[in-house]
Each structure stands twice: as C-alpha cells, then as structure tokens.
Amino acid sequence: MPPTAMKTVPRRAPEITEEVAGKANADKLHRTARDFRSDTFTMPTDAQMMAALQASRGDDVYHEDPSTAALEARIAKMAGKEAALFGTSGTMTNQLAIRTHMKQPPHSVITDHRAHVHMMEAGGIAMFCQATTHGLVPSNGVHLTLEDIQPALQLGTNIHIAPTKLICLENTLSGIIFPQEEIVRIAELAKKNNIGMHLDGARAWNVAAAELEKRGLDPTSEADRTTVLSDILAPFDSASLCLSKGIGAPVGSAIVGSKEFIERARWFRKAFGGGWRQSGMLASMADYALTNFFPRLQDTHTLARRLAAGLEDAGCTILAPVDTSMVFFDPSPIGLSVNDVTQGLAALDDPIGLNANRCVIHHQTDPQAVEDFIATVQRLAAAVPENLRPPPATEKLGAKDGKFRVNALGY
Ligand SMILES: Cc1ncc(COP(=O)(O)O)c(C=O)c1O
C-alpha cells in the first residue's frame, strides 16, 4: 500500500442523533470520535440521557436518592467491598480516600513518582492530610515492586522522617497493567506493618476488561465482572474507580471500601463541599455506562494495539507496553517531532485531535480515525528530506523488542 493511502473501515451507527440531540451535538460526536487526547472526552449518548430522565430525583445528602444508592450498591458488590460512595471526580474520590486513611501527622504516603495522586491532584495530599509523599522510581522502569517499597518504608523509629501510613498504587498507570502478583506481595508487606493500601483505579475497569478477556469470561455478565473486579481489588483497603473515563459517564467516580471507611469518607465529602443533592441523573448515566459501555473496553484495547502496530511500522518508537487503551509514541526516529505529528493531524480535512505523545482510545473512537492517524504519520515521514532523517538507532526500542522507556512518561 502506498504510504498516503487511507484504509476505510466500517463505522458504528451514531448514538447521538440530530433529531434527539440537535445538530451541534451530532456534529460534535464526529469530532469526539477523532479525538485521541483523553478518554474523558466521551459524550453522553441519547439513550444515556434518556436513562437520566428516568432517574430518581431525591436528595442524596439526606440519603434519599434511590438511583444514587443503587449505583453505590452495584459498584460495591462488583468491587467485592462492603460499601461505595459516588463523588464528582477521580481527584475527589482519591483525595477523600487518602484523607480517610490518614489520621494524624507526622505521616507519609508512598506512591510511584508518576502517580496521579502525587503529581496531578494539586498537592491535595499535603493540603488535606498534612502528609509527605515519597514518590519512588520503579527500578524495573515499569512498576513498583516489593523490593522498591520495602527499603522506603518509614516505620516510625526515626524521628527525622514521617512514618508511612499508606501505600497508594495506580492501575493502570499510563495504560500499563500492574502485575497482580506484585500487588499481592506489596499488600502483604503493608498488612504486616499496619499500613493501608489504596488504589487509584481510575482505569481499573480497563484492567478488569483485559482480565476478562484473558480468562475467557463475558464482559456483559455482571457475575463475571464481579469475579474479576473483586479479585483485582482484593489486596486494597480502598479504591477510587473513575466513571467518566473509559466507562463513559459524563461525571463521577466512586470510592469502595469497608462500611466504616465509606461512612467516614462521606463525612469528609460533606466537609469538602462535595455532598450533592439530586445526583440521581448522574448516577443513572453512570449505571447505564457500566452496563452498556464497559463491554466495549476490550475493543478499545484492540484498537490501541492496531494504532501502536501502525505507528511502529511507520518507524515510530512505542514507549510503553500497550496493555489497554493508551499508546505513547516517539516519532523522532523518522525525523518528526510530536508537534509535527499533532499539527499534521490537525491539518487534515477531517482533523484528528492530539496534544501530546499520549494517544487514548475510548468507546466512541472511530476505527477509521486510527487508520487515518497511521496514514498521516506515514505521509509525514515520507515527506521528511533524506538529509534530515536521523541515522537508524543501534538499539531497537519499542513494542516489538519489548524494550520501553516507561520511567520517562508523564501526564
Ligand atoms: C490515573 C488518574 N487518576 C485520577 C484522575 C483524576 O480524575 P478527575 O479528572 O476525574 O479528577 C485521573 C484523571 O485523568 C487519572 O488519569
């Protein structure tokens, strides 16, 4: 195939229609289907909005909204925990959970140095808990291990250092699945030392989708989803599960944990100004997404692998394992900068959205956009003058060789 040829692939019927949602929303869905910036850009569909119309309209601060209570009960059961709390955002549910774990300074939290709770939540851990965060660099470049964490534990004997009270892991981190055996080892260490375990599971749903596929289970079966998600979350005392990322809810994230933990977190949520009133419409849209969009996550993983393979064939380096729905790429081996690629994609007649070297596939991504993306990079690479092409690298980095530059990734 010549480098500029665009492969055509079948499209799903639009789920946001001009008749129901108006022309602007219907047109916007087309843009969203070609937007690779984040899985937070998905739009509520017509059917999802209908679910909101039929939601209960009680006051959740008074515990009088059945749709919210039903969503919380469903998520708690799926997660294998006693209770759940629905909140506005992943940042809020992470910070509420961490605040609930942390009792009294001096105290500290261990995270990966790239962790969202450490780097991207506006210093919330310091602000709300008066805690120090120890951001560790994984020695294997990919994920923390027991061997990384054990020497960093502060067990309260050295008065110069704030004792470790919580280990906070992230799964997926940059789309990479954290090996469960390693999580179990870390959890055993935490338990032995009376240290809490929290998961930033903003994309734990993607881990569950990949695990269902691995075990040959059915992503449309609530029982199978429950089996897998409960296993993934078993080593943790609490987890934050975003609903407005891969799952496709417009707003919301849940904390899961023991009944006592969630009651305390609900108290903090009120103090943070996060108690909400008629939240039923948001809960029912999240509930709709869990039922209808969760089963699409496996397709997003397949599309991500297709994008990574196409970019690698075009000469880019793939920087991190493509376990789920994210692809990190480096186009410098073909003489292009990330900016060249983002501008080339933006300049298409039917533009593609990208703002960094992180590409995220979501349930509304059009497979055609993936093909157009690859063809554009091929075309841009072919146009780089011979004298500006870098010499071939002596060491191959990327998916094909299983060598990645993961420690360098950011948000
Ligand atoms: C891993 C991770 N955790 C937490 C969050 C926070 O979620 P929110 O944007 O809903 O506050 C994000 C957001 O992108 C994230 O990627």
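Criteria and thresholds
- Residues numbered from 1 in each chain as written.
- Predicted model: local features only at pLDDT ≥ 70, side-chain atom pairs only at ≥ 80, totals over all residues.
- Helix = DSSP H or I, 4+ residues; strand = E, 2+ residues; numbered from the N terminus.
- Rg over C-alpha atoms; globule rule 2.2 N^0.38 Å.
- Contact = placed C-beta atoms within 7 Å.
- Near = placed C-beta within 6 Å.
- Buried ≥ 20, exposed ≤ 12 C-beta atoms within 10 Å, placed from the backbone.
- Pairing = 2+ DSSP bridges.
- Axes fitted to C-alpha atoms, helices over the stretch in contact; angles between N-to-C directions.
- Domains from an automatic or database assignment.
- Parallel < 35°, antiparallel > 145°, perpendicular 65-115°, else oblique.
- Nonpolar A, V, L, I, M, F, W, Y, C, P; charged D, E, K, R; others polar.
- UniProt positions renumbered as here; feature names shortened; annotations may be inferred.
- Expected span 1.5 Å × (residues − 1).

A. Layout of the overall build of the protein. When its secondary structure is counted, the protein shows 16 helices and 10 strands. What you see for the protein is a C-alpha radius of gyration of 22 Å, in line with the 22 Å of a compact globule of 411 residues. Viewed in the frame of its principal axes, the protein has a C-alpha envelope of about 60 × 55 × 40 Å. The contacts in the protein between residues at least 6 apart in sequence include a share of 74% that link residues at least 24 apart.

B. Layout of the site of the ligand. Around the ligand, a shell composed of S89, G90, T91, N94, H116, E170, D200, A202, C242, S244 and S253 is seen. Ranked by the residues each element gives to the shell around the ligand, the list is headed by helix α5 (residues 90–101), at 3 residues.

C. Region of the structure containing the pairing of strand β1 (residues 83–87). For β1, the tally of buried residues reaches 5 of 5 residues, placing the bulk of the element in the interior. Covered by surrounding structure in β1 are A83, L85 and G87 together with A84 and F86, the residues of both alternating faces. Summarising the sheet, β1 and strand β7 (residues 253–257) pair through 5 bridges and their orientation is antiparallel. The partner of A83 across the bridge, within β7, is G257.

D. Looking closely at the sheet that holds strand β9 (residues 326–330). As summarised here, the arrangement of the 3 strands in space is β8-β9-β10, forming an open sheet in which the pairing is antiparallel. Only two strands of the sheet have a single neighbouring strand rather than two, namely β8 (317–318) and β10 (358–360). Contacts from helix α14 (residues 297–313) reach β8, β9 and β10 within the one sheet, and its direction differs from that of β9 by about 10°.

E. Seen up close, the domain arrangement of the protein. Along its sequence, the protein is carved into domain 1 (18–43 + 297–408) and domain 2 (48–294). On a C-alpha basis, the centroid separation for the pair domain 1 and domain 2 is 29 Å. The partner domain 2 presents 22 residues to the 20 residues of domain 1 that form the contact. Breaking the side of domain 1 that touches domain 2 down by element, the ones donating at least two residues are α14 and β9. Of the residues forming the side of domain 1 that touches domain 2, the biggest block, 4 residues, is contributed by α14.

F. Main features of the sheet that holds strand β6 (residues 238–242). Ordered by their spatial adjacency, 7 strands build an open sheet running β1-β7-β6-β5-β4-β2-β3, and the pairing between neighbours is mixed. Of all strands in the sheet, those with a lone pairing partner are β1 and β3 (132–136), marking the two edges. With strand direction ignored, the average angle separating the axes of adjacent strands in the sheet is 20°. Strand direction decides the pairing type here: strand β4 (residues 164–170) and strand β5 (residues 196–200), joined by 5 bridges, are parallel. Across the sheet, residue C168 finds its bridge partner in β5, namely H198.

G. Inspection of the packing of helix α10 (residues 204–215) against α14 at higher detail. Direction vectors running N to C along α10 and α14 enclose 90°, while the axes themselves pass 9 Å from each other. In terms of orientation, α10 lies roughly perpendicular with respect to α14. Only L297, Q298 and H301 of α14 make contact with α10, whose side of the interface consists of W205, N206, A209, A210 and E213. For the contact of α10 with α14, a count of residues per class yields 4 nonpolar, 3 polar and 1 charged.

H. Expanded view of the UniProt feature "domain: Aromatic amino acid beta-eliminating lyase/threonine aldolase" (unreviewed entry) in the protein. Cross-referencing UniProt, the feature "domain: Aromatic amino acid beta-eliminating lyase/threonine aldolase" (unreviewed entry) maps to residues 35–329 in the present numbering. Spanning residues 35–329, this segment combines 43% helix with 15% strand, and its end C-alpha atoms are found 16 Å apart.

I. Representation of helix α4 (residues 66–79). Along its 14 residues, α4 runs 20 Å from first to last C-alpha, staying within 8% of the 20 Å computed at 1.5 Å per residue. Within the sequence span of α4, burial applies to S67, T68, L71, E72, I75, A76, M78 and A79. The inward-facing, buried residues of α4 contact β1, α11 (222–233), β6, β7 and α13 (280–292). A positive backbone phi angle near 70° is found at G80, which sits one or two residues after α4.

J. Fine view of the packing of α4 against α11. Across the interface, α4 lies against α11 with an axial gap of 6 Å and an inter-helix angle of 70°. Classified by the angle their axes make, α4 and α11 are roughly perpendicular. Touching K77, M78 and A79 of α4 are R225, T226, L229, S230 and L233, all from α11. Its residues placed into classes, the contact of α4 with α11 shows 4 nonpolar, 2 polar and 2 charged.

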